[in-house]
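Summary of the model geometry
Now for the letters of each chain:
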Amino acid sequence: MAKKLFLHIGLHKTGTSAIQHVLYHAHDALKERGILYPKSVAWDDHSHHSLMFPFWRDEDFTPEFDKLQDEIRRSGCDTVIVSSELFPNAYQQRTFPALWQSVSALADDVEVIIYVRRQDRLAASVFKQWCKSDDLKLAMSPKDFIAEASRINMNFESYCAGWSKPEEVSKLHFLSYDHEKQDLIGSFMEIIGLPRDFAGTGAAVRANPTLDGEQLIFRHYFNGFDLPQELSDALLSYLLNQLSPRPVLDIFDTETRQTLLQTYEKSNAAAFGTHAPDVGGFDNRMEESGHRFRAPTTPEVLDFFLKLSQFDKRLAAHLFDHIKKARAPYAAL
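All values reported here derive from a predicted model rather than from experimental measurement.

**Focus: a negative patch on the surface**
A grouping of D58, E59, D60 and D66 is seen on the molecular surface, where their side chains present a negatively charged patch. For E59, the position within the fold is in the loop between α3 (53–56) and α4 (62–75). Classification of E59 as partly exposed rests on a relative accessible area of 45%.

**A look at the packing of helix α12 (residues 229–242) against helix α15 (residues 298–311)**
Their axes nearest at 12 Å, the elements α12 and α15 cross at an angle of 95°. Relative to α15, the element α12 is oriented roughly perpendicular. Across from L235, Y238, L239 and Q242 in α12, the residues of α15 making contact are F304, K307, L308 and F311. When grouped by side-chain class, the residues that make up the contact of α12 with α15 number 6 nonpolar, 1 polar and 1 charged.

**Considering the nonpolar core**
Judged by nonpolar contacts, the single largest core of 62 residues is most densely connected at L7, V82, F87, L99, F156, W163 and F174. Residue contributions to this core peak at 6 residues, all from helix α6 (residues 119–132). For L7, the contacting residues outside a window of four places in its chain are V82, F87, W100, V103, V110, E111, V112, I113 and W163. Grouped together as the second largest cluster of nonpolar side chains are 21 residues, L30, I35, I113 and I185 included.

**Points about the sheet that holds strand β1 (residues 2–8)**
Strands in a sheet are paired, the pairing made by backbone hydrogen bonds, and the direction either parallel or antiparallel. Spatially, the 5 strands line up as an open sheet ordered β2-β3-β1-β4-β5, and their pairing is parallel. Lying at the two open borders of the sheet, with one neighbouring strand each, are β2 (35–36) and β5 (169–176). Note that β2 and strand β3 (residues 79–83) share 2 bridges and pair parallel. Bridging from a neighbouring strand, I35 pairs with T79 of β3. Strand contacts of helix α1 (residues 16–25): β1, β3 and β4 (107–116), with the helix running at about 140° to β3, the strand carrying the most contacts. Packing against the sheet, helix α8 (residues 156–164) makes contact with β1, β4 and β5, and its axis sits at approximately 160° to β5.

**Re the packing of aromatic side chains**
Scanning all chains against the criterion turns up 27 aromatic pairs. With a centroid separation of 6.4 Å and an interplanar angle of 70°, the aromatic rings of Y91 and W163 are classed as edge-to-face. A residue pair is termed long-range when its members are at least 10 positions apart, and Y91 in the loop between β3 and α5 (96–104) and W163 in helix α8 qualify at 72 residues. With a relative accessible area of 1%, W163 lands in the buried category.

**Comments concerning the pairing of β3**
Counted residue by residue, β3 has 5 buried out of 5 residues, so it is predominantly covered. Going residue by residue along β3, you find T79, I81 and S83 tucked away on one face and V80 and V82 tucked away on the opposite face as well.

**A look at the pairing of β4**
A regular strand places its side chains on the two faces of the sheet in alternate fashion. Summarising burial for β4: 9 of the 10 residues are buried, a large majority. Note that β1 and β4 share 6 bridges and pair parallel. The partner of H8 across the bridge, within β4, is I113. As paired strands, β4 and β5 are joined by 7 bridges and run parallel to one another. When the sheet's bridge partners are listed, V110 is paired in β5 with V169.

**Considering the layout of surface pockets**
A volume near 310 Å³ is recorded for the second largest pocket. Elements with a minimum of two residues in the lining of the second largest pocket: α13 (254–263) and α14 (265–275). Of all the elements, α14 adds the most residues to the lining of the second largest pocket, at 4 residues.

**Some remarks on the environment of F222**
By secondary structure assignment, the location of F222 is in helix α11 (residues 213–223). Judged by its relative accessible area of 0%, F222 falls in the buried class. Sequence spacing of F222 and A161 is 61 residues, and the spatial spacing of their C-alpha atoms is 40 Å. Apart from residues no more than four positions distant in its own chain, F222 is found in contact with L227, L235, F304, F305, L319 and I323.

**Description of the pattern of salt bridges**
Where charged atoms from two side chains of opposite charge come close, those side chains can pair. Inspection of every chain in the model, using the stated rule, returns 22 salt bridges. Between D120 and R118 there is a salt bridge whose closest N-O contact spans 2.8 Å. For the pair shown, D120 and R118 are each scored as buried. Taking the shortest distance from any N to any O, the salt bridge between R118 and D283 comes out at 3.4 Å. Within this pair, whereas R118 is found in the loop between β4 and α6, its partner D283 is found in the loop between α14 and α15, the two being separated by 165 residues in sequence. What makes R118 buried here is its relative accessible area of 2%. When salt bridges with common partners are traced through the structure, they connect R118, D120, R121, D178, R257, D283, R285 and E287 into a single cluster.

Parameters and conventions
- Residues numbered from 1 in each chain as written.
- Predicted model: local features only at pLDDT ≥ 70, side-chain atom pairs only at ≥ 80, totals over all residues.
- Heavy atoms only, no water.
- Patch = residues over 30% accessible without salt bridge, like charges linked within 9 Å, V, L, I, M, F, W, Y side chains within 5 Å.
- Areas by Shrake-Rupley, 256 points an atom, 1.4 Å probe, with all protein chains shown as cover.
- Salt bridge = Lys/Arg side-chain N within 4 Å of Asp/Glu carboxyl O.
- Lys, Arg positive; Asp, Glu negative; His and termini not counted.
- Charge placed at Lys NZ, Arg CZ, Asp CG, Glu CD.
- Helix = DSSP H or I, 4+ residues; strand = E, 2+ residues; numbered from the N terminus.
- Buried < 20%, exposed > 50% of the residue type's maximum accessible area, 1.4 Å probe, protein only.
- Axes fitted to C-alpha atoms, helices over the stretch in contact; angles between N-to-C directions.
- Parallel < 35°, antiparallel > 145°, perpendicular 65-115°, else oblique.
- Contact = heavy atoms within 4.5 Å.
- Nonpolar A, V, L, I, M, F, W, Y, C, P; charged D, E, K, R; others polar.
- Core = buried A, V, L, I, M, F, W, Y, C linked by side-chain atoms within 4.5 Å.
- Pairing = 2+ DSSP bridges.
- Phe/Tyr/Trp six-rings, centres within 6.5 Å; stacked < 30°, edge-to-face > 60°.
- 1 Å grid on protein atoms, 1.4 Å probe; cavity = no way out; pocket = protein on both sides within 12 Å on 5 of 7 lines; lining within 4 Å.
- Points joined across faces, edges and corners; volume = space filled by probe spheres on them.

By themselves, these are just geometric observations and shouldn't be taken as functional.
Quick look at the structure:
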């Protein structure tokens, strides 16, 4: 058992992938400081999702934690960092006590780290990411996407209450991604007791970027046709490599964003007031690119197929054959 566990739980789209990338590649340097960023339970993306996927599937997660315990013992490190965006909502589940028993058994003391993002920006970024995801293939409109609060838990006060509750948690680090993003890696290093510049050039890492621009417009459009996995993968590769992520698209209009922020105004004030009083809250900027997210026009779709056929005739033919037979895409943008 280690003396200290830093449990980094996200949130999604708050630079978590960049932090994980830096920690994974700084494994040896961290270990020299007595800090372990485990590799035995790390995925290819450098996260520790392998600890949490069995939990969400109602499967036995203890083998993964046993593997982690063994690595901790062999490392001789006093401090351990575990990082996964699959932790945040776990505290709401009936099986959380069993999960927490495995988590708290890793160290004598636990500090939870959570980065949050202003809700309108968070919702827009998650919408873009879910469009990109091969698992989710989001095709609904932005309006429908935020219509159900249960789709994305953006009540940060609730997270703070849930993750502060276990008696083994000595501290909850509540940080604004909006406030820290210029030196995100440095802010994390400071929390774990290292100099802000410990990671060197790690602060420049941009991992797991979302789609944007024409990439996003066409990904969302074709998601509406429920593409087979292989075809979807090939299309995403084409979009990422051949289409532009510019311009940055405004997913929500100003009125929708303001309404969303008003919904969480009191809970944000409570979360920051209790856990980050020096920050005070989110900024009030309502930045806009002037380019609204929309469905592609018919001429744009035809031009897309023309360019795709010039690049990969077989992919273009398979995609065209599928959408001829499929249902109409979600058009209510």
